[in-house]
Structures are given as structure tokens and as C-alpha cells.
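Summary of the model geometry
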Amino acid sequence: MAATEEVFYEQLDHGVFRATEHTVGPWSDKAQHLGPVAALLVRGIECCEPDERRSVRRVSVDVLGPVPVDEVTVRAEVARPGRSVELVTAEIAASGRIAATARAWRMLRSDTADVARDDARRLADPAECPPMPLPAGWAGGYANALEWRTANAAAPEPGHAEVWARQRMPLVAGEEPSPLQRLFAVADCASGVSSSLPFEQWAFANTDLTVHLAREPHGEWVGLDARMTLGPDGAGLTRTTLHDAAGPVGQSAQALLPTRL
């Protein structure tokens, strides 16, 4: 990654970070988008008693309240050790208040190449996809901190989007983001890019982000094949197939709270 002054976070001390304007989300200029927050939680998980024999297979992030664009603290621990499977938890706090948590299952790697199979359809190669204009109403530094490309050859149907995105800047100053951090920096965008609701009239913040991985991601580009479903009683759900440039890597889900503005 080219050297740049622009980053999502500046590290102040061990586990202490200052969020920059590039983390600003769509609902308030004082609150971070969940993408950088989730990626920073995953960074905490990856740094917690790392073991090359294990890989993260599922992460569930829960939002307990707005994460301010300010100084935050990240703490992680192995909550349930095990020989083949272990549970790692992480939390991000600001001004003494826990704002978001993550729970990750790390499992032993093994060789299953001879039985590997995935029938999910592939997205168009990101190198062949045109730039994606940001949807009307997408505001905040985070939206502009990513490079976006459209993977849909034709006009997408309402509630469905196929897009590629990659970070324009590091997650933490002086560090190269891991592929898993890159994945989580983008995955939360699925509800936004696939929304059938106009941003000017509706808010649809998600309370969580859960990702299951079928393999480890690679590279800078993250693809989203996302579909939003809206119920008649105030509920919403976004389901997404996550991709890297080689193909599908897993699935994500987000519970939505649609609210008229």
C-alpha cells in the first residue's frame, strides 16, 4: 500500500486508538461506520494470542450504541480455550462505555483440498468492472475512503446489488491490513449498497453483523452479492455472499431497523 497520511485510526497506545474523519458513517458526523469498527475488532482478535495453526471461521459483531469519532479502546481475550476450537471475544469502548462487541470462533486448519467445493456464482472480475457512483444520500468520510466498482452488468433490481470495494488507506497508521480486516471493513456496507429505501427518507441502521467463512480471504478487493429483505412489521434483513478476487469466501447477515426520517 502506498504511503499516505490518511488512515482510519491512529494508534496512541497499546489498545488505544484515535478515529479519524474517514470513519464517519451515514447517519451522523459524530458516529463511526460499523465497517472500520468491525475491522478494528477483528484486528484485536487476530492479535490476541495468535496461533498460525488456527483461522477465524465466524465473527459476530453486536452494536451496543454509537461509536464516537474520538478516542477508543479495544480489548480482546480468549474466552473459551480449546485444542481444536476456541472462542475469542473483543470489545471497543469510548469514555468508559462499551459500544460494540465481537465473538469469534477460531478453528484448527487442516487439508481438505481434495473435497473442497463451492457452487456459488462468481462476480465479474473487479479489474473489468466500472466505477460505482455512490448512492444519493451516502454521506460521511467512510464512503469516500473506499474505492467502489459495480459488478452488475445490467441495472440491478431493487434490494439487490453486486459491488466490489477496497480500502484507499490503512486501517491503522503504519500497518498493512490483513485480508480479514479488509473483509470486515467492507462487509457492513452490504445493507447500504443493496438498499431499496432512499437514504433521504429512511434510516436502516443494523444492530449486528455476522460473518461465516468457508475459507480464508485473500487480496485487497472485497465483493458483495447482497440482497435486502423488508418485512411488513418494521423488520429488515440483508444477506450477502462475500467474495475475494478468486471467488466466494463466505456469507454475512445483518438485522436492520428501518426508520422513517
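How each quantity is defined
- Residues numbered from 1 in each chain as written.
- Predicted model: local features only at pLDDT ≥ 70, side-chain atom pairs only at ≥ 80, totals over all residues.
- Heavy atoms only, no water.
- Helix = DSSP H or I, 4+ residues; strand = E, 2+ residues; numbered from the N terminus.
- Rg over C-alpha atoms; globule rule 2.2 N^0.38 Å.
- Buried < 20%, exposed > 50% of the residue type's maximum accessible area, 1.4 Å probe, protein only.
- Contact = heavy atoms within 4.5 Å.
- Areas by Shrake-Rupley, 256 points an atom, 1.4 Å probe, with all protein chains shown as cover.
- Lys, Arg positive; Asp, Glu negative; His and termini not counted.
- Charge placed at Lys NZ, Arg CZ, Asp CG, Glu CD.
- Core = buried A, V, L, I, M, F, W, Y, C linked by side-chain atoms within 4.5 Å.
- Expected span 1.5 Å × (residues − 1).
- Phe/Tyr/Trp six-rings, centres within 6.5 Å; stacked < 30°, edge-to-face > 60°.
- Pairing = 2+ DSSP bridges.
- Axes fitted to C-alpha atoms, helices over the stretch in contact; angles between N-to-C directions.

Moving on to the overall build of the protein. Along its length, the protein carries 4 helices and 14 strands. The C-alpha radius of gyration of the protein comes to 18 Å, within 12% of the 18 Å expected for a compact globule of 261 residues. Across its three principal directions, the C-alpha atoms of the protein cover 50 × 45 × 45 Å. Here the protein holds 261 residues, and the buried ones make up 52% of them. Restricting the contact set of the protein to residue pairs at least 6 apart, pairs at least 24 apart contribute 66%. As displayed, the protein has an accessible area near 12700 Å², and 51% of this comes from carbon and sulfur atoms. Each charge class in the protein can be summarised by its mean position, and for the 25 positive and 35 negative side chains these summaries are 5 Å apart.

If you look at the biggest cluster of nonpolar residues, it comprises 64 residues, and the most contacted ones within it are Tyr9, Leu40, Ile92, Trp148, Leu183, Phe184 and Leu224. Dropping the residues within four chain positions of it, Leu40 is found in contact with Tyr9, Phe17, Val72, Val74, Ile92, Leu171 and Val172. Ranked by size, the runner-up nonpolar core spans 5 residues in total, among them Leu123, Ala151, Trp164 and Trp221.

In this section: helix α1 (residues 34-47). Taking 1.5 Å per residue as the helical rise, α1 with its 14 residues ought to reach 20 Å, and the 20 Å between its terminal C-alpha atoms agrees with that figure. Counting buried positions along α1 gives 12 out of 14 residues, so the element sits mostly inside the fold. Glu49 sits one or two residues past α1 and shows a positive phi near 45°.

The final tally for this structure, using the stated rule, is 5 aromatic pairs. Judged by centre distance (5.2 Å) and plane angle (65°), the rings of Phe199 and Phe204 are edge-to-face. Accessibility assignment for this pair places Phe199 and Phe204 in one class, buried.

Turning our eyes to something else, we now look at the sheet that holds strand β13 (residues 247-256). Strand pairing in a sheet relies on backbone hydrogen bonds. The paired strands run either parallel or antiparallel. One open sheet holds the 12 strands; their spatial order is β1-β2-β4-β5-β6-β3-β10-β13-β12-β11-β8-β7, and the pairing between them is antiparallel. The sheet is open, and its two edges are formed by β1 (9-13) and β7 (146-150), each paired on a single side. Sheet twist, expressed as the average angle between the axes of neighbouring strands with direction ignored, equals 25°. As paired strands, strand β11 (residues 222-230) and strand β12 (residues 236-244) are joined by 8 bridges and run antiparallel to one another. Bridge pairing in β12 links Leu230 to Gly236. Of the strands in this sheet, β1, β2 (16-19), β3 (54-63), β4 (71-80), β5 (85-94), β6 (97-108) and β10 (208-213) touch α1, which is tilted by about 50° from β6. Against the sheet, helix α3 (residues 179-187) engages β3, β7, β8 (160-167), β10, β11, β12 and β13, with an angle of about 140° to β10.

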